[in-house]
Every structure is written in structure tokens, then in C-alpha cells.
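The residues making up each chain are set out below.
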Amino acid sequence: MEAPLSTWPWNNLGSFKYLLYGPLLAKWLYSRYQEDNIKETWCLHVLIICLLRCSMHHTWNSFSSMLFLTRNRRINKDGVGFKQIDNEWDWDNFILLHGIMGSLVFYMLKDLINLPLWDFKGFLAVAILHIAISEPLYYFLHKRFHGSYLFNHYHSLHHSSPVLQPFTAGHATLLEHIILAAVMGIPILGTCFMGCGSITMIYGYILIFDCLRCLGHSNFEIIPHQLFQAFPLLKYLLYTPTYHSLHHTEMGTNYCLFMPLFDALGNTLNPKSWEMHTKFSVESGKNGRVPDFVFLAHVVDLTSAMHVPFLFRSFGSKPFSTRLFLLPLLPIAFVVMLVMWAYSKVFLNTFYNLRGRLHQTWVVPRFGFQYFLPFAAEGINNQIEQAILRADRLGVKNEALNGGGTLFVNKHPNLKVRVVHGNTLTAAVILKEIPEDVTEAFLSGATSKLGRVIALYLCRRQVRVLMLTSSTERFQKIQKEAPAEYQKYLVQVTKYEAARNCKTWIVGKWITPREQSYAPKGTHFHQFVVPPILSFRRDCTYGDLAAMRLPEDVQGLGSCEYTMERGVVHACHAGGVVHSLEGWTHHEVGAIDVDRIDLVWEAAMKHGLKPVSSLKKTD
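Along each chain, residues carry numbers from 1 onward, in the same order as the chain's sequence is written. With pLDDT at 70 or above as the cut-off, local features in this predicted model cover only qualifying residues; side-chain atom pairs require 80 or more to be listed or tallied, and sums for whole chains, interfaces and linings still use all residues. Only hydrogens and water are removed before side-chain values are computed, so all heavy atoms of the structure are retained for them.

Split into domains, the protein comes out as domain 1 (16–64 + 89–216), domain 2 (220–286), domain 3 (293–420) and domain 4 (422–618). Here the bounds of each domain stem from an automatic or database domain assignment. Centre-to-centre, using C-alpha coordinates, domain 3 lies 23 Å away from domain 4. Note on definitions: a residue-residue contact is assigned when non-hydrogen atoms from the two residues lie within 4.5 Å. Listed as interface residues are 34 residues of domain 3 and, on the opposing side, 36 residues of domain 4. Of the roughly 2900 Å² buried between domain 3 and domain 4, counting both surfaces, carbon and sulfur atoms make up 58%. For the domain 3 face of the interface with domain 4, the top three residues by lost area are Y352, R355 and V420, together amounting to 21%. Here a polar contact means two N or O atoms within 3.5 Å. Within protein one must be a hydrogen donor candidate and the other an acceptor candidate, and residues neighboring in sequence count only if both atoms are side-chain atoms. At the surface where domain 3 touches domain 4, the tally comes to 12 residue pairs in polar contact (both at pLDDT 80 or more). Buried area: the accessible area, evaluated with a 1.4 Å probe, that two parts lose upon being put together, summed over both parts.

Printed below as a string of C-alpha cells:
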């Protein structure tokens, strides 16, 4: 049986819980058209404060998730996994609760409505009341919540998050946030009853309160140790992320709200607090652990650029799809794209751990369309080259490119880092999806790197491959690579109409709905084209991009790779993972070796990577 006030009353409402803000919005709109109710603007203030509090937590969480800024300042080096993200999904419940409680207070105390915009005495009063009442009250109650009964039934939820994040500050039970509302409300109401309250005071106190709570749960040390060296007493007046992280790792110490003074007075101050703070502050200027494997990716388009976890963590933890809330942000994304084009360098986006190895994803700040601009090629190559050289300097063992790599390997023959394009496993995933009884396949993008090896592999299986290409010279070059007895299975075609009777289409070049119409009923479209083709035919099935599921023992993975499901990565990414796990010492660049396809596939299976079924219907 659940303890009283341990669960939220709107748990089963999902996103519909936000409708509970509706009465406040309705009352404010109604008052706008009623002269005698024009003072009901308190409804608007409650809504604005709730919005600002959400923005505060989102901003802090975005900042703490920007690994390219915080990676060397992180306190807990582990990643935030999907389980923690799901557990903290409704982190903002407390903002709704406090909004409702604040509305009731305003409604019952009408005299508080006529507050002035500014009163300097109110800031002094609220600060004194906070220090004299809120801080010791919170310390006393927090310490009690670490008792056996209260901790097991209430406070353990807050401590269940393995990696502190600003959203963790809101991840607690109903009772705890009712108490937190009282801790916040006492200074505000006290100041108003003293006659020196103001609207600015209320906004300022609540937002500073939230800012400090986010600071303590941010998991990266931002306060320099030199500040405490210059002003020693300050360390008793303001806690740090390191200070609060110790409370979560070594419970029984550091109970304070924001001021370690009360831990010192209560003899619960962890003796390692200042030493650890200095350590993390000093080490913030040094490079952290060297990754064992780096996947070098690029942005697909403007909308998918907003799928990065440091923008919207919940959105990034699910497969990408275009949502309506992204559309107003497109102009901002466009400006950011221009700035990245002009100034940005390759940056760290995400990481996870696999069997003791640190795997990172670095992003080339270029969008998909830029790869087709002739004048942008040199800049893109420079970005990739600098990323490879940086990885080499750091001592990274493997780096997988979402593309080629021959140019850079030839230019820098003494590289210690192994460059891997990962396309061998991409080809293997596509080929293993094609049923053994298939006797004919239609292949577009037939002379590309992947198209070539797919054609050569299938012809060895005695599958007749209709290779769509207008270049007879390139077709014949590929055909001559096949063993003489299998060359007859490779057939050049120049039009989509040639595949009217072929039900296996392998798409390596984007095709329009009209071109898809030539496929017979029941066709399955395998594909290795980005972005994926439109699922136009209701009488056909469409494969997703080649992908593999990472082993189950992956740790700290909390974001989805483009449209892939949780725990699934593009096959080229998986190819780099396999290369790293196997400890292979060769570069995998240039033309794909058809003889290695089965070898790489077997290695992937051995290490627990699993193929992802790509069969889906459009209905």
C-alpha cells in the first residue's frame, strides 16, 4: 500500500495534466473584459511564474547536457540512461502543484493582489526570513526525511536517480513538494504581511530559489575554488554542485538547502566537501578520460538538428519525428546553422559506456544539404581531418566516419587512430535482410560504394541484379570485379520501368512516388539512402535505414540516433563498435571488401549486436 501523499493525483492524466492550468488562464481572460475584475491579474502572474520556472529548469538542464562545454567539469562521469529519463519524465509536477497552491493563497488573501511593482525593503526582508526560517526549517525536515520510514516511503524516490541533473531537483513525492512550497512560501508571505512585499520580490525570490536548486543538481562544477579562497566565509553561505552531490553519494551528510552553515552547526558537514570542490574545479581545465571509440556524424536537416539531447532531453530520448512544436523554432535553427557553418568546430554530442570502453559521438557542424555543395567540400573535409587528428592526439583507438576516410588516411599515413567507415556492416545488414529464395533484385545507386558491394555479393548468391545506372563504363568496371562465372547475373538497366516485375528493390538513391509506382504489388523496399524514401505505396513494405541494436549491457545511453529506436544505432556506427570490440588494427576505408562482409557480420553477432527488423507496412 502506498504511503499517503506519496503519489501525484494527476499521475494517470499524462500530458492532459497541463489542462489544470486552464482555469487560471480562463479567469485571467475573463477578467480582461470585466472592468470590476481587472485586478485579477494574479492569475497571469501565476502562469508567468510557472512558465519561467519551467524555462529555468530547461535552461539549466540544457547547459549541463552540453558535453562540449561541461565534459571536463562533470562530477559523476556516468551518462543519463533511458531509465532515469523515464523516471524523471514528470519532473515538472511540482511546478503545477505550486501554481495551484499559489493560486489558492492569492484567492484567499485578496489584499496581496495590490502589491507594488518594486520595494527595496522587501528584498531585505525576504532574505532575512529565508536565512532565519526557511534554511533551518528545510535542514530539520530534510534530516527527518532521511529517517527509515520517511526515506523508504518518500525521499528514496529523489535519491533513485543515479546521475544528478537539474530535472532531478523536481523528481520527488507530493508530500516533499508540499513541504518545499511551505519553505518557499514563508518568506514571501511574511514579507507581504510586513507590508514591504512586491511583485518583483516574488518573481525574484522564486526564480533565485529554483536557480540554486538547479545549480546543486547540475552535476558539473561551475563555481571556481578561487572564489572561496578569496572569501573563506562564502563557502558557508553558498553550496556547490560538488557539495550536494556528496549528499547523494554519501547520505548522512550535507542536508542543507543552500547554506552549508547549517550543516556546520548541526555537525553534518561532509569533511571532504571543500577538498572535492577544489579537486573538480582545478581539473576542469584538463582533458578527461580518452574515449576508446568515436563515431563521427553530421546533422541531417534543420528539424533533426533540434533532436540533440541538450535541447530537449525528452524529445531526444525518443526516435526523431517532425513535431509541430519544432516549427516555430526553425528560424532560430536556421540562424544557428549559419553560425555553425561560419565558426563551429566538431563537438561532442553524446556518449555511452560498453564493457569498460567509452564510446562518444562527435558531430561535424554541417548539414546534409551542404555535402552536395561543391564549394563546401573543402570546409567539410577540413572539419573531418581536424577531428581525426584531434582523436589521434588524444589517443583514441577507433574512429568511425559516417562516410569515407581514404583521403585522410593517405594524407596522414602515421595515424595511430584506426579510421573506420563502417559500411561493411551496413552492407551486411542490408544483405542479411534479403531472403535466401530471392532470385532477382533491383538496385538503384548501383555504382556507389554500397551499391557496388551489394551487387557483387548478390551475384555470388546467383541473384540476378538489375543495376540502375546510365554509365556503361562504371557498370562494366564493377561487373569485371565479379568472378567470371557470376558476371552474367549483373545486368545494367537505365530506367525504373525495367523493374516492373521485381519485388525486391534495394534503394541507394532517393526515389519519387512516381518512380516507386513502377514496383509491382508486394514489393519490399530495402534502402540505404538518407533521408529515407517516402512510404508512398500502401500495397508495399518499406525497410528502415540499416541499423543494429547495441548489446544489452550498454550503460549511460539516453538519446536516440535520428529515427532509430532506443538502443539502436546506424549500421555504420555499429561497424565501428565491432571494429573496436574486436581490437582490429587495420583502417576500414575506401572500397568495401566483399570477402569481409560475412566476417564482420559474424563478429557483430558474437559481441551481442542484433539486427533490427526493418519490415513495415505503410498502413
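Looking now at the pairing of strand 8 (residues 490–493). For two strands to pair, DSSP has to find at least two bridges joining them. Numbering of helices and strands runs from the N terminus; a helix is a DSSP stretch of H or I covering at least four residues, while a strand is a stretch of E covering at least two. The sheet contact formed by strand 7 (residues 464–468) and strand 8 spans four bridges and is parallel. Considered in strand 8, the bridge of V465 is made with L490. What joins strand 7 to strand 8 is helix 21 (residues 472–481), and the crossover it makes is right-handed. Look down the strands so they point away from you; if going from the first strand over the helix to the second traces a clockwise path, that crossover is right-handed.

In spatial order, the strands read 8-7-6-9-10-11; together these six strands make up an open sheet with parallel pairing. One side of each edge strand has no neighbouring strand; the edge strands of this open sheet are strand 8 and strand 11 (541–542). As judged from the four bridges shared by strand 9 (residues 504–507) and strand 10 (residues 524–527), these two strands associate in the parallel manner. In the sheet register, T504 faces strand 10, and the bridge partner there is H524.

On to the packing of helix 8 (residues 174–193) against helix 9 (residues 199–216). Packed helix pairs are specified by the crossing angle of their axes together with the interaxial distance, meaning the distance between the axes. Lines are fitted to the C-alpha atoms to define the axes, a helix being fitted only along its stretch in contact, and any angle between axes, read from their N-to-C directions, falls within 0 to 180 degrees. Packing of helix 8 against helix 9 brings their axes to within 10 Å, and their N-to-C directions diverge by 145°. Our pair here, helix 8 against helix 9, has a crossing hand that is right-handed. Listed contacts from helix 9 to H177, L180, V183, M184, P187, I188, T191 and C192 of helix 8 are M201, I202, Y205, I206, F209 and R213. When its residues are assigned to classes, the contact of helix 8 with helix 9 shows 11 nonpolar, two polar and one charged. By convention, the crossing between two helices is left-handed when the near helix turns anticlockwise from the far helix through less than a right angle, and right-handed when the turn is clockwise. Under the scheme applied here, ten amino acids are nonpolar (Ala, Val, Leu, Ile, Met, Phe, Trp, Tyr, Cys and Pro), four are charged (Asp, Glu, Lys and Arg), and all others, including Gly, are polar.

Turning next to the environment of H307. By secondary structure assignment, the location of H307 is in the loop between helix 14 (302–305) and helix 15 (313–316). Taking the C-alpha atoms as reference points, H307 and C214, separated by 93 residues in sequence, lie 23 Å from one another. In contact with H307, not counting residues within four places along its chain, are F315, G316, K318, P319, F320, C560 and Y562.

Before going further, it helps to examine the sheet that holds strand 14 (residues 610–611). As a general point, the strands of a sheet are linked pairwise by backbone hydrogen bonds and lie either parallel or antiparallel. With respect to topology, three strands assemble into an open sheet ordered 13-12-14, the strand pairing being antiparallel. At either end of the open sheet lies a strand with only one pairing partner, and these are strand 13 (568–570) and strand 14. Both strand 12 (residues 547–549) and strand 13 contribute to a ladder of three bridges, which runs antiparallel. The residue bridging R549 from the neighbouring strand is V568, located in strand 13.

UniProt positions are given in the numbering used here, feature names are shortened, and annotations may be inferred rather than shown by experiment. Per the UniProt record, "domain: Very-long-chain aldehyde decarbonylase CER1-like C-terminal" (unreviewed entry) is found at residues 442–611. Secondary structure content for residues 442–611 is 28% helix and 18% strand, while the C-alpha to C-alpha distance between its ends is 22 Å.

Where helix 6 (residues 120–145) contacts helix 9, the axes come no closer than 10 Å and their chain directions differ by 40°. Taken together, the axis directions place helix 6 and helix 9 in an arrangement best described as oblique. Note on packing geometry: the crossing formed by helix 6 with helix 9 is right-handed. Residue-level inspection shows G122, F123, V126, H130 and S134 of helix 6 in contact with helix 9, the latter providing T200, M201, Y205 and F209. The residue inventory of the contact of helix 6 with helix 9, partitioned by class, reads five nonpolar, four polar and no charged. Note on angle classes: values under 35 degrees are labelled roughly parallel, values over 145 roughly antiparallel, values of 65 to 115 roughly perpendicular, and the remainder oblique.

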